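In case you want the letters, here they are:
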Amino acid sequence: MPVYRHPGTVITDHRFPVPLDHGDPAGERIEVYAREVVATAKQHESLPWLLFLQGGPGGRSPRPVGRDGWLDRALDDYRVLLLDQRGTGRSTPADRHTLPPRGDAAAQARYLAHFRADSIVRDCELIRRDLLGDDGRWSLLGQSYGGFCTLTYLSYAPHGVREAFVTGGLPGLRSTVEDVYRAAYPRVRRKVEAHYARYPQDVEIIRDVARYLREREVRLPGGGLLTVEAFQAIGILLGTGNGSHTLHYLLEDAFLPGMPGRQLSDSFLAEIQGHLSYASRPLYALLHESIYGQRSVTPRATGWAAETVRAEFPQFDADRALAADRPVLLTGEMIYPWTVATDPALAPLGETAELLARRTDWPDLYDPDQLARNEVPVAAAIYHDDMYVDTADSETTARAVRGLRPWITNEYEHDGLRVSGGRVLDRLIRLVRDEI
């Protein structure tokens, strides 16, 4: 196992072979990578383990440089394991290069069906027993989708958990995928309207960009097609602490100055590509709606629910907004068929994405009865103005998990853990320890 040092930390690489299908432990195996981080001064101490479950789906774990961010607080008390969930980062990859050799789209979709939270939790249990022994228990820190995984963990393997912390990631236990998006579009609209109130000059810039894209085909530097609908997805930035400012500065450079006629600048197109491309996290797009699929809740396909429900909110139609001289609304954490079709990293997997959208037999991810009798100490940060995870769903789930202590705050946006310098994690630790 490679071991190396960063300022104030000692890092050890781990690789774990796990079954692709935990229902067939003798079948195909894939590899899961994890990075152990411990404070230099505590390298040889017997510390409790903290497993970090990253947001996503499809997001790799953070790449730390020393004791930065929330990790600094965690290392005071724990030996931390940063997991690259299956299919992400340095784990066995799942993307446009590795999936086609597995066979046709149906074979690829069957393969990807094993990359949800239920399989991730089973991976974690094998890793826990490898590192801590059968009777060892570790703490969990789940950010966003990692919080969803934490609730799955508490549903089906609570015996492996000594305590759990969730930040911006309490899902609706019985919410359908349509419920999720019916709640999401109004939240996104409020974020866009707040951005326009902060930067009123951006109303016309966004309208100008939308008109420009309607009138001509625009390609991003990597070959992706920038349609009006793809451009609207830049609203995903508005769910982060600095997202509104980031969007404003992006729009400042949208058009080249001093040119005859209007022309989008290369810098704008390069930057927007960085925000919209799923090349670094294809599973986010391919599995996004499947994370809400549960056969006992929605015994039908997720079926591109974001697109279906969008029709119920005509104010997000850019053409209508332009025709009526109204501000163009942006969208947020939604994946549409055209998301796949216009992104070169996803387009070769279009049929696979379609088959995943049609799948009807997704296993349940949560056990409400087990959570109602939960005995694991749990604390959760619920961000009152969260654009990505519905606050009402989170509060309902907080009440449904026995013993869960919520902290509801509007001090942070969804990325509060990342930007807080450890203050969010410290408060959750103190909540679990009954120090608040």
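Look up a bit, the structure's there.
Description of the structure in this document. Note that this is a predicted model, so its numbers are computed, not measured.

Cut-offs used in this document
- Residues numbered from 1 in each chain as written.
- Predicted model: local features only at pLDDT ≥ 70, side-chain atom pairs only at ≥ 80, totals over all residues.
- Heavy atoms only, no water.
- Helix = DSSP H or I, 4+ residues; strand = E, 2+ residues; numbered from the N terminus.
- Rg over C-alpha atoms; globule rule 2.2 N^0.38 Å.
- Buried < 20%, exposed > 50% of the residue type's maximum accessible area, 1.4 Å probe, protein only.
- Areas by Shrake-Rupley, 256 points an atom, 1.4 Å probe, with all protein chains shown as cover.
- Phe/Tyr/Trp six-rings, centres within 6.5 Å; stacked < 30°, edge-to-face > 60°.
- Lys NZ or Arg CZ within 6 Å of the ring centre and 35° of its normal.
- Core = buried A, V, L, I, M, F, W, Y, C linked by side-chain atoms within 4.5 Å.
- Contact = heavy atoms within 4.5 Å.
- Expected span 1.5 Å × (residues − 1).
- Axes fitted to C-alpha atoms, helices over the stretch in contact; angles between N-to-C directions.
- Parallel < 35°, antiparallel > 145°, perpendicular 65-115°, else oblique.
- Nonpolar A, V, L, I, M, F, W, Y, C, P; charged D, E, K, R; others polar.
- Pairing = 2+ DSSP bridges.
- Polar contact = N/O pair within 3.5 Å; in protein donor to acceptor, adjacent residues only side chain to side chain.
- Salt bridge = Lys/Arg side-chain N within 4 Å of Asp/Glu carboxyl O.
- Disulfide = S-S within 2.5 Å.

Across its full length, the protein chain holds 18 helices and nine strands. The globule rule puts the C-alpha radius of gyration for 436 residues at 22 Å, and the 22 Å found for the protein chain is close to it. By principal-axis analysis of the C-alpha atoms, the protein chain measures approximately 70 × 50 × 45 Å. Among the 436 residues that make up the protein chain, the fraction classed as buried is 57%. Just so you have it, the protein chain exposes about 17600 Å², and 48% of that area is on carbon and sulfur atoms.

Glancing now at the packing of aromatic side chains. One pair of aromatic rings is described through two measures. These are the centre distance and the angle between the planes. Applying the stated rule across the entire model yields 13 aromatic pairs. With a centroid separation of 5.1 Å and an interplanar angle of 65 degrees, the aromatic rings of Tyr185 and Phe316 are classed as edge-to-face. Within this pair, whereas Tyr185 is found in helix H5 (residues 177-198), its partner Phe316 is found in the loop between helix H11 (305-310) and helix H12 (318-323), the two being separated by 131 residues in sequence. No difference in accessibility class separates Tyr185 from Phe316, as the two residues are buried. Its guanidinium or amino end placed over the ring of Phe115, Arg86 lies 5.5 Å from that ring's centre, counting from NZ or CZ.

Take the nonpolar core next. The biggest cluster of nonpolar side chains holds 115 residues, and the ones touching the most others in it are Leu112, Tyr181, Leu226, Phe231, Leu264 and Phe268. Residues contacting Phe231, with those up to four places away along its chain left out, are Ile206, Val209, Ala210, Leu213, Leu226, Leu251, Phe268, Ile272, Leu276 and Leu330. Of all hydrophobic cores here, the second largest spans 26 residues; its members include Ile11, Tyr78, Val80 and Ile429.

On to helix H4 (residues 145-156), then. Since the α-helix advances by 3.6 residues per turn, residues separated by three or four positions end up pointing in the same direction. With 12 residues, H4 ought to run about 16 Å at 1.5 Å a step, and its terminal C-alpha atoms sit 17 Å apart, in line with that. Among all positions of H4, only Tyr145, Gly146, Gly147, Phe148, Cys149, Thr150, Leu151, Thr152, Tyr153, Leu154 and Ser155 are buried.

A few words on the packing of helix H3 (residues 117-132) against H4. When two helices pack together, their arrangement is given by the angle between the helix axes and by the axis-to-axis distance. Closest axis-to-axis distance for the H3/H4 pair is 9 Å, and the angle between their directions is 70 degrees. By the angle class used here, H3 and H4 are roughly perpendicular. For the pair H3 and H4, contact is made by Ala117, Asp118, Ile120, Val121, Cys124, Glu125 and Arg128 and by Tyr145, Cys149, Thr152 and Tyr153, respectively. Tallied by class, residues from the contact of H3 with H4 come to seven nonpolar, one polar and three charged.

Another point: the sheet that holds strand S4 (residues 49-53). Spatial strand order, S1-S2-S3-S5-S4-S6-S7-S8-S9: nine strands in an open sheet with mixed pairing. The sheet terminates laterally at strand S1 (3-6) and strand S9 (404-409), the two strands that pair on one side only. Recorded for the sheet is a direction-independent mean angle of 25 degrees between the axes of neighbouring strands. Pairing of strand S2 (residues 9-19) with strand S3 (residues 29-39), which is carried by 11 bridges, proceeds in the antiparallel orientation. Of the residues in S3, the one forming a bridge with Pro17 is Glu31. Packing of H3 onto the sheet brings it into contact with S2, S3, S4, strand S5 (79-84) and strand S6 (138-143), and relative to S2 it is tilted by some 125 degrees.

Structurally, Asp415 can be placed in the loop between S9 and helix H17 (416-419). Here Asp415 falls in the buried class, since its relative accessible area comes to 8%. Of note is the side chain of Asp415, whose polar atom sits 3.0 Å from the backbone nitrogen of Gly241. Discounting residues that sit within four places of it in the chain, Asp415 has contacts with Thr240 and Gly241.

For S5, the buried fraction is high: six of the six residues fall into the buried class. Burial of the side chains of S5 extends over both faces: Arg79, Leu81 and Leu83 are buried on one face and Val80, Leu82 and Asp84 on the other. Where S3 and S5 come together, five bridges link them in antiparallel fashion. The residue bridging Tyr33 from the neighbouring strand is Asp84, located in S5. Bridging between S4 and S5 involves four bridges; their strand directions are parallel. Its bridge partner lying in S5, Phe52 is registered against Leu82.

Below, the discussion takes up the pattern of salt bridges. By the definition in use, this model includes 34 salt bridges. Arg73 serves as the salt-bridge partner of Asp426, at 2.7 Å between the closest nitrogen and oxygen. Note that Asp426 is positioned in helix H18 (residues 423-432) and Arg73 in helix H1 (residues 70-74), a separation of 353 residues in sequence. Judged by relative accessible area, which is 23%, Asp426 ranks as partly exposed. With relative accessibility at 14%, the residue Arg73 sits in the buried group. Ionic pairing is found between Arg214 and Glu229, a salt bridge with its closest N-O pair at 2.8 Å. Here Glu229 lies in helix H7 (residues 228-232) and Arg214 lies in helix H6 (residues 201-215), a separation of 15 residues in the sequence. The exposure class assigned to Arg214 is partly exposed, which follows from its relative accessible area of 37%. Salt bridges sharing partners connect three or more residues here, namely Glu204, Arg207, Asp208, Arg211, Arg262 and Asp325.

Right, let's talk about the state of the cysteines for a bit. Applying the stated rule across the entire model yields zero disulfides. Cysteine Cys124 is unpaired, with the sulfur of Cys149 as its nearest cysteine sulfur at 7.5 Å. Take Cys124: its relative accessible area is 1%, and that puts it in the buried class.

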